[in-house]
Amino acid sequence: DGRVRARLDALRSTARRRKETKAPHTRTHSLASPRDDAVAATKKALLLMLGLRAAVVRAAPRRGLATRRALLLKDCVLKGRAEPAGAVVSVAAGHLRNYLLPRQIAVSATAEVLASAAAAAAPQP
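This structure is a prediction, so every number in the text was calculated from the model and none was measured.

1. So, the sheet that holds strand 4 (residues 88-92)
Here comes step 1: In space, the 3 strands of this open sheet follow the order 4-1-5, with antiparallel pairing throughout. For this open sheet the edge positions go to strand 4 and strand 5 (106-108), each flanked by a neighbour on one side alone. Each strand of the sheet is rotated relative to its neighbour by a mean of 45°, with strand direction disregarded.
Here comes step 2: Judged from the 5 bridges that link them, strand 1 (residues 67-72) and strand 4 form a sheet pairing that is antiparallel. Paired with T67 across the two strands is A92, which belongs to strand 4.
Here comes step 3: The sheet strands contacting helix 4 (residues 93-100) are strand 1, strand 4 and strand 5, and the helix crosses strand 4 at an angle near 100°.
Here comes step 4: Across the face of the sheet, helix 5 (residues 111-121) comes into contact with strand 1, strand 4 and strand 5 while running at roughly 25° to strand 1.

Given below as structure tokens:
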């Protein structure tokens with residue numbers, strides 16, 4: 001039991017030290033390296049040996065970036081592609097919140113917004 005706890009502490013300090021030694025611009029928060037996967041698997045096995053199931057749940061891998069749908073109000077270039085005004089695109093939530101919304105380039109594509117855009121685009125007889 002003492003050896004398992006010592007190994008778990010060593011894994012934690014190694015992971016912490018690896019994070020601290022990387023330069024800020026080279027850190028990858030959403031992508032894990034194969035070494036990180038091996039460390040996570042070893043950590044999970046050790047926690048199971050100790051009977052700490054609640055800790056295993058917290059040791060789950062990170063999820064990908066959250067994306068949001070946006071209705072473009074102006075022509076713009078997203079991910080290297082020119083997108084016309086009126087297009088519904090999928091963008092990162094932070095890009096929508098911090099860049100597109102303040103500059104009034106896009107709005108969140110909610111059901112109400114999409115319905116009003118479809119009504120405005122429909123030809124008038």
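2. A look at the pattern of salt bridges
Here comes step 1: Evaluated as defined, the whole model comprises 1 salt bridge.
Here comes step 2: As a salt-bridge pair, R81 and E83 come within 3.8 Å of each other at their nearest N and O atoms.
Here comes step 3: Classification of R81 as exposed rests on a relative accessible area of 55%.
Here comes step 4: Relative accessible area serves as the criterion here: at 13%, E83 is assigned to the buried category.

3. Structural notes on the side chain of E83
Here comes step 1: Position of E83 among the secondary structure elements: in strand 3 (residues 81-83).
Here comes step 2: Beyond its immediate stretch of four places on either side in the chain, E83 contacts L72, K74, D75, C76, L78 and V89.

4. Remarks on the confidence of the model for the chain
If pLDDT is low for a region, its predicted coordinates should not be looked at in detail.
Here comes step 1: Model confidence for the chain is summarised by a mean pLDDT of 77, while 66% of its residues fall at 70 or above.
Here comes step 2: Here helix 3 (residues 53-58) stands out as the element of the chain with the lowest mean pLDDT, 52, in contrast to strand 5, whose mean of 94 is the highest.

5. Details of unusual backbone geometry
Here comes step 1: For K79, which is not a glycine, the phi torsion comes out positive at approximately 55°.
Here comes step 2: Residue position: K79 is located in the loop between strand 2 (76-78) and strand 3.
Here comes step 3: One non-glycine residue, Q104, adopts positive backbone phi at about 55°.
Here comes step 4: Relative to the helices and strands, Q104 resides in the loop between helix 4 and strand 5.

Definitions and limits used
- Residues numbered from 1 in each chain as written.
- Predicted model: local features only at pLDDT ≥ 70, side-chain atom pairs only at ≥ 80, totals over all residues.
- Heavy atoms only, no water.
- Pairing = 2+ DSSP bridges.
- Helix = DSSP H or I, 4+ residues; strand = E, 2+ residues; numbered from the N terminus.
- Axes fitted to C-alpha atoms, helices over the stretch in contact; angles between N-to-C directions.
- Contact = heavy atoms within 4.5 Å.
- Salt bridge = Lys/Arg side-chain N within 4 Å of Asp/Glu carboxyl O.
- Buried < 20%, exposed > 50% of the residue type's maximum accessible area, 1.4 Å probe, protein only.
- pLDDT = per-residue confidence, 0-100.

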